[in-house]
Amino acid sequence: MKPYRSLLFVPGHKPTWADKALASGTDAVILDLEDSVPAGDKADARKTVAETLDRLADAARADLWVRPNSSVSGLLGADLEAVVRPGLAGLFLPKVFDAQEIVRIDAVVSHLEEREGLAPGSVGLIVSYETAVSMAHCEEIATASPRVASLLGATGPNADVGRELGFEFTPAGLETLYLRSRIVLAARAAGLHHPLAGVWQDIRDLDGFRRFCEDNRGLGYRGMVCIHPSHVAVANEVFTPSPEKVEFYRRMIDAFRKAEAEGSAAVDFEGQHIDLAHVKTAEGVIELAEAVARHG
């Protein structure tokens, strides 16, 4: 998966909002068919999202994802029928319970890809952990299908996860530290290098949102799911390696390679003892920065 620093939700039944989302600079847009669409508008929203995908598929700088309704809603099948089409990067799956659910969705998507003439496996999946059952089985879910491109540790305030698990959100996040850490571990163990965090619901508190991004970055998350365009620039900044950090790591690599050529496997670099492990970390940061530059 591309290194998404920001993914912005857009209500699927409001097509002009998709254009505003693209103008925000987000790396990906999530056209929503679930919670932001009133029950009476679901059928029309499917048609609108399909039309939006068709309209923006070739012109959009950002990738286009769709959040369908959950499996237990009884609406998922119709959602997939409508939105698996050219221009769809993938499905953002809400309220998942177990790995078998992912396997079933994979099979349906495979059929629809073939029907629509899409490349096999081209529709990715981002799994949102919003149920207690999914949290308890996050490792199995992460490896349930090659389509799984990323995992979302959805631990923001007053949402489905908090209700399911009974915790009370605090900005410090100690109440969700175990959950967020476990999801990062599940992602990394499955070879998924860009786990996502979210969501911050206070639209006006950008300082709080920045701290939320920085705390999750420190824990190992690499991007943020956003609910308002004003959050996009902050997320993009926080999850982009700074030029100073990239230059520091380039100097580190150069110093190590020079020492290596002289027969040493470690070197004192700007007061730090470094060896090959540190160089590999440095190379990973530079690779991320270059990937962001390519796709940004």
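Here, the structure is the one placed above.
Nothing here was measured: the structure is a model prediction, and the numbers come from that model.

Caption draft 1: Expanded view of helix H4 (residues 99-116). The first and last C-alpha atoms of H4 sit 26 Å apart over 18 residues, in line with the 26 Å expected at 1.5 Å per residue. Here H4 has its buried residues at Ala 99, Glu 101, Ile 102, Ile 105, Asp 106, Val 109, Leu 112 and Glu 113. All buried residues of H4 lie within an arc of 135° about the axis, which places them on one face of the element. Of the exposed residues in H4, those oriented more than 90 degrees away from the buried face are Arg 104 and Glu 114. Sitting at the head of H4, Asp 98 places a side-chain oxygen 3.3 Å from the backbone nitrogen of Gln 100. Just downstream of H4, Gly 117 is the residue with a positive phi angle, here 75°.

Caption draft 2: Summary view of the environment of Arg 163. On the secondary structure map, Arg 163 appears in helix H7 (residues 160-165). In the structure, Arg 163 is positioned 82 residues away from Lys 245 in sequence and 39 Å away in space, judged by C-alpha atoms.

Caption draft 3: Representation of helix H8 (residues 177-189) in the model. Helix length check: H8, at 13 residues, gives a terminal C-alpha distance of 18 Å against a target of 18 Å (1.5 Å per residue), a fit within 8%. All of the buried residues in H8 are Leu 179, Arg 180, Ile 183, Val 184, Ala 186 and Ala 187. In an axial view of H8, the angular spread of the buried residues amounts to 160°, which keeps them on one side of the axis. What points out from H8, more than 90 degrees from its buried face, is the exposed set Tyr 178, Leu 185 and Ala 189. Just past H8, the residue Gly 191 takes up positive phi, approximately 80°.

Quick notes on the rules
- Residue positions are counted from 1 within each chain, in the order its sequence is given.
- Totals for whole chains, interfaces and linings use all residues, but because this is a predicted model, local features are given only for residues with pLDDT of at least 70 and pairs of side-chain atoms are given and counted only at 80 or more.
- With hydrogens and water stripped out, all remaining heavy atoms of the structure feed into the side-chain values.
- Secondary structure is summarised from DSSP: a helix means a run of H or I of at least four residues, a strand means a run of E of at least two, and numbering begins at the N terminus for each.
- Helix span, as expected, comes to 1.5 Å for every residue beyond the first.
- Summary of the burial criterion: residues with accessible area below 20% of their type's maximum are buried, those above 50% are exposed, and those between are partly exposed, where the area comes from a 1.4 Å probe applied to protein chains only.
- Read the arc as the range of directions from the helix axis to the C-beta atoms.
- N or O atoms within 3.5 Å of each other form a polar contact, as long as, within protein, one can give a hydrogen and the other can take it, and as long as residues adjacent in sequence are counted only when both atoms are side-chain atoms.

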